[in-house]
Every structure is written in C-alpha cells, then in structure tokens.
Amino acid sequence: MSGPLSDVRVLDFTHAMAGPFGSMVLADLGAEVILVSRPNERDDRERGLGPYLFGRSTYRFSLERGKKNIQIDLKHPDGLELALKLAEKADVITENFLPGTMERLGLGYEAVSKRNPRIVYASISGHGQTGPYAKRGAFDIVAQA
C-alpha cells in the first residue's frame, strides 16, 4: 500500500471502537497494520454488532479494513513470545485495554522497549492512564453521558 505511512508497521492490540478506528486511519494512510486478536474472537461483544452482511458484522468489517490479522493467545508463553517477536519488528504498538492489562500480559512499554527501544507505544483509555477513574472502562456512550 502507498501513502505517507507506507514505511510504518503497527502492531495493533485494540478492540471496541476508539482503538480500531485509530489504527484503521493509520492503515488508510499506508501503514502496515497487524491486528492481534484472540483465538476464536468471534464471540466478543463487538463481533456481534450489526448490521450483518453474509453473517459477518459490518461494524467490525469496516474497522478492520486494510489490516492484516493474526490470532494469538497472549496468556500462553508461546503466544507471548510470538507477540514480543512481532513487537521487535514494529514501529508502533496500539492498545486500548484497561491501564495495567498489557503490563500483566508481559507486553507493557517497559517489556517491549527492552526488545525494541525505538517503539512508539500508544495507549488509549477512557479516563486516562492514572487517576481515580483510570481503572474504569469506557465506551463512547459513557463519554457522551
């Protein structure tokens, strides 16, 4: 793909809306985006949102356009090692879990930057990374309320 970000590789751990939308824009600008999803992720909440086309959620289909996809069990040691090897070759990591989740998985900034010191690590959260509400999840509708 061509575009201003055609020499950028993004390892994308995002889900729901804000993160996948952001990495979709990066893909639209030419970045190679590799979406890391859980095995059998079709059971996730967002996989079930309609409308549907041929049994597939068009919500997810639109947000995943232009991305490559790999399913990795991040809780398995082999899966963690595979994700770290992918991170070694990435320019950017995007994630939007609750603060602390990537650290618990062994994929936080400190762990990744030891293997790839030039990594740009983008964490998205509804209430920031620190503070009294940091551990609270958020969706667009929560922010609007």
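Rules used in this analysis
Residues numbered from 1 in each chain as written. Predicted model: local features only at pLDDT ≥ 70, side-chain atom pairs only at ≥ 80, totals over all residues. Heavy atoms only, no water. Helix = DSSP H or I, 4+ residues; strand = E, 2+ residues; numbered from the N terminus. Buried < 20%, exposed > 50% of the residue type's maximum accessible area, 1.4 Å probe, protein only. Contact = heavy atoms within 4.5 Å. Areas by Shrake-Rupley, 256 points an atom, 1.4 Å probe, with all protein chains shown as cover. Pairing = 2+ DSSP bridges. Salt bridge = Lys/Arg side-chain N within 4 Å of Asp/Glu carboxyl O. Arc of directions from axis to C-beta.

Participant: Looking at this structure, how should I read the overall build of the protein?
Facilitator: Within the protein, the secondary structure is distributed over six helices and seven strands. The order of helices and strands in the protein, counted from the N terminus, is β-α-β-β-β-α-β-α-β-α-α-β-α. A total of 145 residues make up the protein; the buried ones form 37% of that total. When contacts within the protein are restricted to residue pairs at least 6 apart in sequence, long-range pairs at least 24 apart make up 67% of them. When the accessible area of the protein is evaluated, it comes to approximately 8700 Å², of which 58% is carbon and sulfur surface.

Participant: Hey, could you run me through the pairing of strand β6 (residues 92–95) in this one?
Facilitator: One face of the sheet, then the other: side chains in a regular strand alternate in exactly this way. Alternating positions in β6 separate into two faces, Val92 and Thr94 on one and Ile93 and Glu95 on the other, with burial throughout. Pairing of β6 with strand β7 (residues 120–123), which is carried by four bridges, proceeds in the parallel orientation. From the neighbouring strand, Val92 faces β7, where its bridge partner is Val120.

Participant: Help me understand the environment of Pro51 in this model?
Facilitator: Relative to the helices and strands, Pro51 is located in the loop between β2 (32–37) and β3 (52–53). When its relative accessible area of 58% is taken as the criterion, Pro51 is described as exposed.

Participant: What is the right way to look at the pattern of salt bridges in this model?
Facilitator: Pairing is possible between side chains that carry opposite charge, provided their charged atoms lie close to one another. This model, assessed by the stated rule, comprises eight salt bridges. A salt bridge links Arg60 to Glu64, with the shortest nitrogen-to-oxygen separation between them at 3.0 Å. In this structure, Glu88 and Arg115 form a salt bridge, with 2.7 Å as the shortest nitrogen-oxygen distance. Placement of Glu88 in helix α3 (residues 77–88) and of Arg115 in helix α5 (residues 109–115) is noted, with a sequence separation of 27 residues between them. Residues participating in the shared-partner salt-bridge network are Arg9, Glu32 and Lys68.

Participant: Just to check I follow, could you spell out helix α1 (residues 18–28) for this structure?
Facilitator: Each α-helix winds once per 3.6 residues, and so residues spaced three or four apart point in a common direction. Gly19, Pro20, Ser23, Met24 and Ala27 are the residues of α1 that are buried. Projected onto a plane normal to the axis of α1, the buried residues spread over an arc of 135 degrees and lie on a single side. Elements that come into contact with the buried residues of α1 comprise β1 (9–12), β2, α2 (58–63), β5 (67–71) and β6.

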